[in-house]
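# Structure assessment
In case you want the letters, here they are:
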Amino acid sequence: MDNLKSLLAGALSGLVSEYADIRIEESEHAAIVYRGRELDQIGRSFEKGGCIRVFHRGNWGSASFNRVDDKLPGLARDVAQAVEALPERPESLGKSPALTDAVTVPEADDPRKVPLAEKHALIKRYNDILLRTAGITTTMSVYHDSFRRTSFLSSEGSFITQETVYTGFMCRAVARDGTNVQDYSDSFGKTQGFTSLANREPLVERIAKVAVDLLKAEPVPAGKYDVIIDPLLAGVFAHEAFGHLSEADFLSTNERMRELMKVGIRYGVDDLTIVDDGTMPGERGSFRYDDEGTAAERTELIKGGRIAGHLHERQSAQRMGEKVTGNARAISYRHAPIVRMSNTYIEPRAFNIEDMLDSVERGLYVCGSRGGMTELESFTFSSQYARLIEHGRQTKMVRDVVLSGNVFETLKSIEMIGDDLVMFGGLGGCGKGGQSPLPVGLGAPHLLIRNVVIGGR
Amino acid sequence: MEDRVLALAEARGAQAEVFCSDGNLTTVEFRAGEFHSQESRLTCGYGLRVAKDGRVGYSSSSNPDRIEDLVQAAIDTAAYGKQCRFEFPGPCVHPAVKTFDNRVIMLSAQKMIEWGRELVDALRSRLPELKLDVTIARSYRETALVSSAGLDTRFSRAVLELYATGLVVHDGLVWISEYENLSSGAAPAIGAIADRMEQRAILARSRARLVTGSYPVIFAATAVPDLLSPLLVGVNGKQLEKGVSPLGDRIGQKLLDEKITIADDGLRDFGTRSDPLDAEGVPRRRIPLFDRGVFTGFLFDLATAGACGVESTGSAARDYSAQPQPGPSNILLLPGTAQLDEALAGIREGLLVHECIGGGQSNVLAGDVALNVSSGHLIENGKVTGRVKDTMIAGNVYEMFANVAAVGDTVRDLGSYHVPFVMFPALKVATRD
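As the structure is a computational prediction, the values presented were derived from the model and not from experiment.

### Considering the side chain of Ser274(B)
All names here are of chain B. Structurally, Ser274 can be placed in the loop between strand 8 (262-265) and strand 9 (286-291). Here Arg268 takes part through its backbone oxygen, which lies 2.5 Å from a polar atom of the side chain of Ser274. Within polar-contact distance, the side chain of Ser274 engages the side chain of Asn330 at 2.8 Å. In this view, Ser274 contacts Val97, Thr99, Arg157, Gly266, Leu267, Arg268 and Asn330; residues no more than four positions away in its chain are not counted.

### What to know about the packing of aromatic side chains
The geometry of an aromatic ring pair is captured by the separation of the ring centres together with the interplanar angle, meaning the angle of the planes. Going through the model one piece at a time under the given rule, you end up with 16 aromatic pairs over all chains. Measuring from ring centre to ring centre gives 5.3 Å for Phe290(B) and Phe295(B), while their planes differ by 45°; the resulting arrangement is tilted. Both rings, one in Phe295(B) and one in Phe298(B), keep their centres 5.1 Å apart while their planes meet at 90°; by these two values the pair is edge-to-face. Given the relative accessible area of 5%, Phe298(B) is considered buried. Here the aromatic cluster, defined as three or more aromatic residues joined through ring pairs, consists of Phe290(B), Phe295(B), Phe298(B) and Phe300(B). Above the face of the Phe188(A) ring, Arg200(A) is positioned so that its terminal group lies 3.8 Å from the ring centre. Here the guanidinium or amino end of Arg314(A) rests over the ring plane of Tyr19(A), the centre of that ring lying 5.1 Å away.

### Let's talk about a nonpolar patch on the surface
Residues and elements named next belong to chain B. A contiguous nonpolar surface patch, about 310 Å² in accessible area, is contributed by Val169, Leu173 and Trp175. Looking at the secondary structure, you find Leu173 in strand 6 (residues 173-181). Exposure remark for Leu173: the relative accessible area of 48% places this residue in the partly exposed category.

### Looking at the interface of chain A and chain B
Interface size is commonly expressed as the accessible surface area that is lost when the partners come together. Counting residues at the interface gives 31 residues for chain A and 29 residues for chain B. Regarding the contact of chain A and chain B, the summed buried area is about 2600 Å², with carbon and sulfur atoms giving 46% of it. When residues of chain A are sorted by the area they lose upon contact with chain B, Arg44(A), Phe46(A) and Arg334(A) head the list and together hold 22% of the total. In this structure, the connection of chain A to chain B is made through five salt bridges. Lys82(B) serves as the salt-bridge partner of Asp40(A), at 3.8 Å between the closest nitrogen and oxygen. The tally of links from chain A across to chain B stands at 19 residue pairs in polar contact (both at pLDDT 80 or more). Of all the secondary structure elements, the ones that give two or more residues to the side of chain A that touches chain B are strand 1 (19-35), strand 2 (38-56), strand 3 (59-65), helix 2 (72-84) and helix 3 (116-131) of chain A. Sorting elements by how many residues they give to the side of chain A that touches chain B places strand 2 of chain A first, with 10 residues. Of the residues belonging to the side of chain A that touches chain B, the class tally is 13 nonpolar, eight polar and 10 charged. Pairing of strand 3 of chain A with strand 2 (residues 34-52) of chain B involves four bridges; the strand directions are parallel.

### Digging into the domain arrangement of chain B
All names here are of chain B. If you check the domain split of chain B, you get domain 1 (2-198) and domain 2 (208-433). Just the C-alpha atoms count here: the centres of domain 1 and domain 2 sit 23 Å apart. In this complex, domain 1 contributes 49 residues to the contact, which on the side of domain 2 involves 39 residues. For the pair domain 1 and domain 2, the summed buried area comes to about 3500 Å², and 57% of that belongs to carbon and sulfur atoms. When the shortest N-O distance is used, the salt bridge between Glu17 and Arg318 registers 3.2 Å. In this structure, the connection of domain 1 to domain 2 is made through 14 residue pairs in polar contact (both at pLDDT 80 or more). For the side of domain 1 that touches domain 2, the secondary-structure elements that each account for two or more residues are strand 1 (15-31), strand 2, strand 3 (55-61), strand 4 (131-147), strand 5 (152-169) and strand 6. Among the elements that make up the side of domain 1 that touches domain 2, the one with the highest residue count is strand 6 (nine residues). Grouping the amino acids of the side of domain 1 that touches domain 2 by side-chain chemistry returns 20 nonpolar, 15 polar and 14 charged.

Rules used throughout
Residues numbered from 1 in each chain as written. Chains lettered and ligands numbered in written order. Predicted model: local features only at pLDDT ≥ 70, side-chain atom pairs only at ≥ 80, totals over all residues. Heavy atoms only, no water. Helix = DSSP H or I, 4+ residues; strand = E, 2+ residues; numbered from the N terminus. Polar contact = N/O pair within 3.5 Å; in protein donor to acceptor, adjacent residues only side chain to side chain. Contact = heavy atoms within 4.5 Å. Phe/Tyr/Trp six-rings, centres within 6.5 Å; stacked < 30°, edge-to-face > 60°. Buried < 20%, exposed > 50% of the residue type's maximum accessible area, 1.4 Å probe, protein only. Lys NZ or Arg CZ within 6 Å of the ring centre and 35° of its normal. Patch = residues over 30% accessible without salt bridge, like charges linked within 9 Å, V, L, I, M, F, W, Y side chains within 5 Å. Areas by Shrake-Rupley, 256 points an atom, 1.4 Å probe, with all protein chains shown as cover. Salt bridge = Lys/Arg side-chain N within 4 Å of Asp/Glu carboxyl O. Buried area = accessible area lost by both parts, 1.4 Å probe. Nonpolar A, V, L, I, M, F, W, Y, C, P; charged D, E, K, R; others polar. Pairing = 2+ DSSP bridges. Domains from an automatic or database assignment.

If you want it as structure tokens, here you go:
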């Protein structure tokens, strides 16, 4: 480690620049993919590379590389020279303390210690559960794990080494009845070891069951409904519809949104608090330090119904005159970090699901997410399935339920917040600026929202 | 390094192939008329494919300290791998193709920034309301391949491309994009790019209306790839192997209009996907896909060719981190005889499409497309008038290309597509007007 530190320090020494950092990453991945009965992919890969960033007179320059060797000082000089040649801009970096730390993963959580045969047996077992369910015609099951060690050194004196693990799986079941084809998928994944994936049979069985049940579901008639959304869909809403608007790199380029997202503006009931928290133990979006060497934090985005904060990297924090929040993240050494969420969730409150059902005369209980689109404050999300609520009771399953609306109006229409926060991770992640998938966590309790526009497909 | 990996794999009783990709990418970017960033990316990694006990294993690494582990992982995965139905190719003579120019390799980032600034300045004076993003990217990649069959070769490619996207806010948002393949080493024709963008920005100022119906539609060269890409899914040997290509048993049948001749040409000078050999060391060639409307064949790599009982067409594509897959190189739609002015003159009411979004969101394997026309103009009595809004073209590309009114006489170099305009006599156009 001392060798690496002196190699990196050598690369940054003598640069005529206000700030520079260098990040080296070594990682190891295993991936297994089943499609139906066929093992489609099984492989392991090894990566090593890094990224140099230089900041000078308001401009950034960066270079990523695979060869970690004595040519690094030359590469760093090239980047610094390129940045020096640029016209000055009125930008500077927010303060982040210089730190020295070494974060390690407990040996029991290290997926490299688990033989490939065990990983294969696990995902095959889950895939077989799907395949033997009557009505399921095809499947896709994916296992993935990674172990990563990053070393970060900055010209301000930070030196941080950090290990991270991810393990997870995803299962998708396709059910068919004649020309009626329905599918359902779900995933599980955290910054924890391989053992956290064991005993997930109930989740897998549920995937198969919902896919088959969807064959009998009818498309929902379009209209306005009172809806109860499940923790997963509510979490996706918190991340996609609202969380991205809190990212300061975006806000700093969009004046109108900056006005709409000003601290103090009310968008919800007193009970509504939305948080981004990179410090939650074991969650998919957790980390100790971000890729600028700033410690992960808990940041309240909405507190008591009012805008309370934004997510920052060092430059955006300085530009907006706010605190650096430790949200500068890169998917790998190939990229410079940009402002990203970590674990984004809505805090739980007092209501239980029965309270919510009791207060809905006619509505929908909407579950899961198939993805969607957001454009500024407008959003459209497809759910995975829903059930009609009639006189406070869940009745038949319906499908093709698409929710759309304006995020600020929708936040204002949240009437009840449940007591049952669930956090989700899974295998996928967030995509932004060509960097996908970045591991993130999201979650919420059940929410009751009045008058949501539901489009049939 | 390649030789060491090969020797280690062979020492464990495997036939092996080592693919190494070593390259760099330099990108300069302007956003909304301002310089935004300069970035470089240096990439070097190894992919090891082994055939052991009749099965294929794979692993990849960009970490030279983990070569032993790379070899062990490839051998381990072979135990679960697919049956090996091909042999690694041996040495061959490289076909002639120009894939780099020294002016491109030596080009400085400063020069790239200068070009970007020239384009920004040229348009700023003409169209102050235009918000212009410019990206200029230069990539250089050296590929090395060694195998147990005696292959030991390397080849390189340098690509230089300019992308410009202008945003005009005028009765909604209008995006205007331009592209130049500069790989042959010539400097960009900044004036001509600015002229084209200006012309379209001016046309975007006047709004035109077209009611839903069936109209003659001209797809400008820039929009033709949206229609060709579903065909390229159909001709992919992987889809044939899986038994899902709609072209499965149709070689020799006339499926498209006789004005349509499409080829995949990996040997086009300075094509952005040109190489002497494919990513498995099989010589690139020009592969006819549709000849005057008749379907002539699929694109194969070694594995899909082996599974289908044919020879590889030299169409393997890959990055070091993944196993090869068949894929298109440079796609040519051969020019016809029509001139744009004449084609326009014959239209009383129709649509000229420059750019679409939403390609790839429908059942592309079946050839279905649902394209949102993001930049398109009304044609009235032979003249291009204003911009149309909220306009969709949905259909099936196999049906669309079966009835073509005209194919343009001039091919536009769009990097991996070299295509003229195509005019269809009648397509369904849906609008909100």
